[in-house]
Amino acid sequence: MKSLKIICALCACLFVLLAVSAAAASDAVAFMAADFGSDKNSGLSADAPKMSFSSTSGSGVMGILKDGGTLVLVGKGYIKADFTLPQTTGPLTITSVYDGKDYKNPEPKTNPACAFKMAGGKTLTIVSDVTFDDMILFQENAQDTIHVAKGGKLTVTESVVSMSKKDYFMKITVEEGGTAIINGGTFSSVSGRGEI
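Criteria and cut-off values
Residues numbered from 1 in each chain as written. Predicted model: local features only at pLDDT ≥ 70, side-chain atom pairs only at ≥ 80, totals over all residues. Heavy atoms only, no water. Phe/Tyr/Trp six-rings, centres within 6.5 Å; stacked < 30°, edge-to-face > 60°. Helix = DSSP H or I, 4+ residues; strand = E, 2+ residues; numbered from the N terminus. Buried < 20%, exposed > 50% of the residue type's maximum accessible area, 1.4 Å probe, protein only. Core = buried A, V, L, I, M, F, W, Y, C linked by side-chain atoms within 4.5 Å. Contact = heavy atoms within 4.5 Å. Pairing = 2+ DSSP bridges. Axes fitted to C-alpha atoms, helices over the stretch in contact; angles between N-to-C directions.

Q: Teacher, can you tell me more about the packing of aromatic side chains here?
A: The description of an aromatic ring pair rests on the distance of the ring centres and on the angle between the ring planes. Taken as a whole and judged by the stated rule, the model has four aromatic pairs. For the ring pair F31 and Y98, a centre distance of 6.0 Å and an interplane angle of 80 degrees mean the geometry is edge-to-face. Placement of the pair is F31 in strand β1 (residues 29-32) and Y98 in strand β6 (residues 97-98), with a sequence separation of 67 residues. For Y98, a relative accessible area of 31% puts it in the partly exposed group. Here the aromatic rings of F53 and F116 are separated by 6.3 Å at their centres, their planes lie at 70 degrees, and the arrangement is edge-to-face. You can see F53 sitting in the loop between β1 and β2 (69-73) and its partner F116 sitting in strand β8 (residues 116-118), a full 63 residues away along the chain. We classify F53 as buried; its relative accessible area is 3%. Three or more aromatic residues link up through ring pairs in this structure, and these residues are F53, F83, F116 and F132.

Structure, rendered in structure tokens:
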């Protein structure tokens, strides 16, 4: 009986440690600037941002955010080829406002200094729970697509601003089994078989 109590106590302690560890992981914060950052930087401050998204096991910003957390764009967040944002174990928020500092910069209007953008005609695929909050989405050349895959969830908050170099904006497609909650931003279209 005594050994059963010890095993139960150890299991309870392990459960608490795992819960605390998971909560701490989702509180991770990483900084990114594709235009002046470096993947050799720590990515843990606005003065030492990462340059790329990369993978959860790579040297880019997603290596810090594999369990979710907050990705702060302090410069450009840039996707140069079709890219699937790596799956995280917890929710991920991408923003340009953090700890009282607003990094958004819409100038110049033809290439904002702090915005999320993609090379022309590229697709960003969302497979986890991702929120775009308080940031600029910039459509540069050929129309870009944000695709929400099965099991993915994209939330765009009312504080997201869309800008475009052309007369159209990014489009969103939602696969069956995916979810898009669009409260802000401007998009050329939001379509698909998923929940919109």
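Back to the text.
Q: Looking at this structure, I do not really get the nonpolar core. What am I missing?
A: Among soluble globular proteins, nonpolar side chains are generally buried collectively. Counting residues in hydrophobic clusters, the biggest one holds 38 residues, and the most contacted among them are F53, L71, L85, I94, F116, F132 and I146. Take this core: its biggest share by element is four residues, from β1. Residue contacts for I94: discarding those within four places in its chain leaves L71, L73, L85, V130, T131, F132, D133 and M135.

Q: Sorry, what's going on with the sheet that holds strand β14 (residues 161-164) here?
A: Pairing between the strands of a sheet is mediated by backbone hydrogen bonds and can be parallel or antiparallel. In spatial order, the strands read β3-β8-β11-β14; together these four strands make up an open sheet with parallel pairing. Looking at strand neighbours, the two that pair on one side only are β3 (77-79) and β14, the edges of this open sheet. Averaged over all pairs of adjacent strands, the angle between strand axes in this sheet comes to 20 degrees, irrespective of strand direction. As defined by bridge partners, β8 adjoins strand β11 (residues 136-139) across two bridges and the pair is classed as parallel. Residue pairing across strands places F116 opposite L137, the latter belonging to β11.

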